[in-house]
Structures are given as C-alpha cells and as structure tokens.
Amino acid sequence: MKTATGTMLVRNGTLVDGTGRAPIPRAAVVVRDGTIVYAGAEQGAVDVPPDATVLDARGGTIMPGLVEAHFHPTYFNVAALEDLDIKYPVEYVTLLAAANARLALECGYTAARSGGSLFNIDVWLKKAIEEDLVIGPRLAASGREICGVGGLMDWNPDFRKIGMEGLVLLVNGADDARAAVRKLVKDGVEWVKTYPTGDAAAPDANDHHTLCMTFEEMHAVVATAHNHNLKVTGHCRATEGIKNALRAGYDTLEHGTFMDDEALDMLLERNTPVVPALYFELASIENGPGMGMSQRVVDGHRETLEGGAESARRILRAGGTLGMGGDYGFAWNPHGDYARELQFFVDYVGFTPLEVITCATKSGAEILGRAHEIGTVEQGKLADLLIVEGDVVADIALLQKRDRFLAVMQGGVIKSGQCAGKSLESIASASSLAGHRS
Ligand SMILES: [Zn+2]
C-alpha cells in the first residue's frame, strides 16, 4: 500500500490517541512520508517546512483509524445462512467483498481481521488492497473456516450432495484437523478460524451450549497452525468450548460468551484477547423477528446477549484485552453499521467511550499483531488516522456519521471523507497559519 510523500500538519483538533490516555485539546499531528513524527499539543509541535500541507480538523477529533477485528468481507447481508455459500458464484461474491471492503474503509476502519470468508477471497482481497487496486482496510485473512462434521457450519443436508466446500473445511478427528490447516497454509491465510461451539442460530442440534469440535481436533489445529506461523481463533460460546480453546493454546477467542470464574482465570493467565462481536445479538433480537427469525432463536440470542455482556464487563474490569468487531454482513446487521458496536458497548454494556475507542484501535492492532505499526496516534506509527467533525468522546455515535468524517487516512494518504480528492493548502499559502513556524 502506497504511503504519502512530503509533510502534512493536522491541527485544530482534540487528539484521542487510542492509548486510553485523556484527550489532548488543541493538538497537532505531523506526518512525514506517511509516518507520524509528532502527536501532541500544537504548541510543542515540531517545525514543518513551508510546503507542508495543512489539514484543519475544525475543532473536531483526531484519532487512530478503527480496527474491525471480526470482519466477514464475503458475507453480503444475507437473511438465510445457506445464502452465504450457494446463492452466488465465487466470482460475484469476490466483487461484493471488494465493495464491502471499500465501505468499511469509508466507515473509518483502516484495518480489519477477517473472521472467515468464502473460499480464500479474503487472501486475494488483501493483496488487491495492498496493491492499491481497490481501497479497503489493511486486512488479515483467514479464508475458509474449520468445523466438526455435523457442527454449526455443516448445514447443507447430504441429499444436496454439495457439502460445504466454499465456506468451511469439515473435520472428523485430529488427522482431518491437521489436513485442514495444511490446506489453509497453502491458501495463504494468516488466521485459522474454527468452530469450537454452536450458536443460538442453530437451536436444534448446535445451540450456544453445544460443542462442535473436540479438544483433540482443536489441539491439532493449534499445533499445526503454530508450526507454520499461523494464528488460531474460534467461535466460542459454550463455557467448555472456551476452556478447550484456552487449553489448546488459541491466540484469540471470538465471542467468549459464557465465561465462568475458571474460564476467566484461564483467560487472564494467558492474556488471550477476546472479540465479543456482541451487537449482533441485539440486532438479531430487534430486527430478526421481522425477517422470519423464530422465537426459539431470538430467545437464544437474548441469553447470548446477556451472557456476553456480563463476560465482556468482567474481562475489561479484570484488565483483559477486548477487540471490537461485529459479524456485520447479515440482513439484520448489515455492512456499514460497524460503529454501532462501539455505541452499543457504551450504552448497553457500560464501557466508557475512551475504553471502547481503545478496544477499537490499540487492542485491535495488538490482535492483528501490528501494534508496532498502527492502532495509536504516536510517533513512529503509520498515519492511519480518522478525523471527525465533533467531539467523539462526548458522542460516540458520531463514528456512525460518515458525513462528519473529514478524513480517513492510511499511511498519510486521504482515502475517504470530506477532504478526499481535494488538494490541501500548504503552510505557505494558508494565511491563518502565518507565523506557525516559530
Ligand atoms: Zn463471525
């Protein structure tokens, strides 16, 4: 991905740097060749040359680009699960995925971790983004997911004779699990996404208290993946599935819904990050019935919502790491709504806006293994910035209002927002800044 050349001064805004530190009013950020060289009070800013461009934040918020830590680029706002793998051919889903990636970037998400994709579309989408063929978040790819035969993701009945080829690799036993990971190694993924447990979506045989993989299968996945320098995560709702994942050495947990004291202790001991992806549950309860969702499924989502909210609160209060991501890509929870997750964590779960922003930036970058490059607005990091008109800490809902975004930047290049495609004034020509060079 190309970075900017030259110097840019972002000024006249409040800096929310993503570390969780208190916001800094009247701040400036100086970007040189795509990298942040100064972030702090404007008064102490480093000198900038006369040809530096100036981005006036209009008294708004200067913050890191957001990280969507559970992103399904190939989910195209489906109302029925089976649409995910049989409604369209892979060629068309690839184009839909590119459109979703563009939308995510326009929504202020400058990085994302895939939580599973049709075939390995996300591997190639990542390459297209890196090559600047299409715009989108810096992506970590996971390709096809792994699930036990008969588990949550094995929904096509045998009489259809189509298996689950595009979406999941189905395993029976540790040997199959190793073989599945080896396929993914060849596909070029960075993350192996598994299904240790079921979900409220499948109340008959794979509900949220059901296990969909054995410990032996999960352990074989981790050993094989780690040998090839891949990371492992899993859809973990049931308490025993969470513990299996932690014992097997998972690098992160998705959802971490029903945590008991022992699971929480194990999690904290290993410092394993969790991505709750929880607004999905509320969206299911509120919007699902109108889209044909049964009462049993809605009841299961209600239990998941309450369990997941309590677990997220306990993890945060105990000093654990949480990422923000949301399983967007269903009819009741469509792409583009990503930042609803953040408002939901403030309004419903009870986090402070600064806590949520830290989860959605710094912690997200840590989960991606890229905290040295992105996730905070600090000297030496890439200038992946989001500049918003208004005070985001006072009103987290502003992050859902794309028309209030002045700039979404990757490596100092403005990709979206009001300033995108416009040439910025230089220091020399911006009269209001005369005398800025002290
Ligand atoms: Zn997911």
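Residues numbered from 1 in each chain as written. Predicted model: local features only at pLDDT ≥ 70, side-chain atom pairs only at ≥ 80, totals over all residues. Heavy atoms only, no water.

**Q** How would you explain the coordination of the zinc ion if you had to name every residue and give the values?
**A** Protein ligation of the zinc ion involves His70 (NE2), His72 (NE2) and Asp327 (OD), the donor distances falling in the range 2.0 to 2.1 Å. Written as a sequence motif, the donor arrangement for the zinc ion is H-x1-H-x254-D. For the pair His70 and His72, a shared accessibility class is recorded, and that class is buried. (Donors = N, O, S within 2.8 Å, 3.2 Å for Na, K, Ca; no water. Buried < 20%, exposed > 50% of the residue type's maximum accessible area, 1.4 Å probe, protein only.)

**Q** Give me the sheet that holds strand β8 (residues 138-140): which residues, what numbers.
**A** Read across the sheet, 3 strands follow the order β6-β7-β8 without closing on themselves; strand pairing throughout is parallel. The outermost strands of the open sheet, each flanked by one partner alone, are β6 (66-71) and β8. Ignoring which end each strand starts from, the neighbouring axes of this sheet average 15 degrees apart. Where β6 meets strand β7 (residues 109-114), 4 bridges bridge the pair, whose relative direction is parallel. Among the inter-strand pairings, Val67 is bridged to a residue of β7, identified as Ala111. Strands in contact with helix α11 (residues 353-368) are β6, β7 and β8; relative to β6, the strand with the most contacts, it is inclined by about 55 degrees. (Pairing = 2+ DSSP bridges. Helix = DSSP H or I, 4+ residues; strand = E, 2+ residues; numbered from the N terminus. Axes fitted to C-alpha atoms, helices over the stretch in contact; angles between N-to-C directions. Contact = heavy atoms within 4.5 Å.)

**Q** Provide a residue-level description of unusual backbone geometry, including the pertinent values.
**A** Of note, the phi angle at Asp33 is positive, near 50 degrees, even though the residue is not glycine. Assignment of secondary structure puts Asp33 in the loop between β2 (24-32) and β3 (35-41). If you check the backbone angles, Arg58 has positive phi at about 55 degrees while not being a glycine. A relative accessible area of 45% means that Arg58 is categorised as partly exposed.

The values reported here are purely geometric and, on their own, carry no functional implication.
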